Amino acid sequence: MKIWLDGGLQDVESARVSVFDHGLTVGDGIFETVKATEGRPFALTRHLDRLTRSARGLGLPDPDHDEVRRACDAVLAANPMELGRLRITYTGGHGPLGSDRGDRGPTLVVALGETGRRPDSTAVITVPWTRNERGALTGLKTTSYAENVVALARAHRHDASEALFANTVGQLCEGTGSNVFVVLDGEIHTPPVSSGCLAGITRALTAEWTGARETDLPMDVLERADEIFLTSTLRDVQAVHRVDDRALPGAPGPVTAKAMRIFDERSGEDLDP
């Protein structure tokens, strides 16, 4: 297995990042996960644009898109696989043992892991913790991910693959690594970015291709929605068949099934929409 680090390909067994890297010591970093099918990344331009937005939000230098593309191409070519998770990580680099940054510049790592197609439907839970829609990291895809690790572990203990958060005012926000959509009276709704959710790439494409509306939604919408589905880079569009103790029999329902079909067709037609 080969990864990209410090400007070139390295063996995964010998590649090393400093123990003083700010991404390790204080979580000062950002990342993107890109779906790669048969060595071809999907929506890479959108992912790189969001990587830059996240970098600016943290005050990191803009990543060099040409370098990141070269890194992605090299890693994909060196590690052929049918379906992969391409991970781009960009950190504050070598720094002191504190919140101040060093002056050696950022660290860029690109790695690839094999994955499989997700099931058509899944179970989710809600968790008692909230997303802060007014926080300094709101809307940024950062490596400060421990909150998601804790929530996802709770979901797994309840035989679910995702945990859904409310924000501080009790509105539906997002999952640990996904966006959430609900179907009400035949219409598709998803929380707006102002709710505190990440501006997901798959979320944006799904909303664009299906006509979904951005709507402030109370958490109890999960108790009455006709259908619920998740979107993310590796889920694409995935139906929900259980939320906590509420079953949604027949998932994917007709609206979700149509959204799944539209996403499969449109994403297959254009690898960089």
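Residues numbered from 1 in each chain as written. Predicted model: local features only at pLDDT ≥ 70, side-chain atom pairs only at ≥ 80, totals over all residues. Heavy atoms only, no water.

The name an unreviewed UniProt entry assigns to the chain is aminodeoxychorismate lyase, from the organism Streptomyces sp. 900105755. Quoted verbatim from the Cofactor (unreviewed entry) heading of the UniProt record, the comment on the chain is "pyridoxal 5'-phosphate". The UniProt entry for the chain carries this comment under Subunit (unreviewed entry): "Homodimer." (UniProt positions renumbered as here; feature names shortened; annotations may be inferred.)

### Quick word on the overall build of the chain
Helix and strand content of the chain: six helices and 15 strands. Over its C-alpha trace the chain gives a radius of gyration of 19 Å, about what one expects of a compact globule, namely 19 Å for 273 residues. Projected onto the principal axes, the alpha-carbon positions of the chain cover approximately 55 × 40 × 30 Å. For the chain, the residues scored as buried account for 49% of the 273 residues in total. Nonlocal contacts in the chain, meaning residues at least 24 apart in sequence, comprise 69% of its contacts between residues at least 6 apart. For the chain, the accessible area works out to roughly 12,700 Å², and carbon and sulfur atoms hold 49% of it. Treating the 30 positive side-chain charges of the chain as one cloud and the 40 negative ones as another, the clouds have centres 1 Å apart. (Helix = DSSP H or I, 4+ residues; strand = E, 2+ residues; numbered from the N terminus. Rg over C-alpha atoms; globule rule 2.2 N^0.38 Å. Buried < 20%, exposed > 50% of the residue type's maximum accessible area, 1.4 Å probe, protein only. Contact = heavy atoms within 4.5 Å. Areas by Shrake-Rupley, 256 points an atom, 1.4 Å probe, with all protein chains shown as cover. Lys, Arg positive; Asp, Glu negative; His and termini not counted. Charge placed at Lys NZ, Arg CZ, Asp CG, Glu CD.)

### Observations concerning the layout of surface pockets
A volume near 1,200 Å³ is recorded for the largest pocket. Lining the largest pocket we find 48 residues, and of these K141, Y145, N148, T176 and G177 sit closest to its centre. Of all elements in the fold, only β3 (29-37), α2 (44-58), β5 (83-91), β7 (121-131), α4 (146-157), β9 (172-175), α5 (201-210) and β13 (227-232) reach the threshold of two or more residues within the lining of the largest pocket. Sort the elements by how many residues they give to the lining of the largest pocket and α4 lands first, with four residues. Roughly 190 Å³ of internal volume is contained in the second largest pocket. Along its surface, the second largest pocket is lined by K35, T37, R40, F42, E82, L83, S267, G268 and L271. Of all the secondary structure elements, the ones that give two or more residues to the lining of the second largest pocket are β3 and α6 (254-269). Per-class residue counts for the lining of the second largest pocket are three nonpolar, three polar and three charged. (1 Å grid on protein atoms, 1.4 Å probe; cavity = no way out; pocket = protein on both sides within 12 Å on 5 of 7 lines; lining within 4 Å. Points joined across faces, edges and corners; volume = space filled by probe spheres on them. Nonpolar A, V, L, I, M, F, W, Y, C, P; charged D, E, K, R; others polar.)

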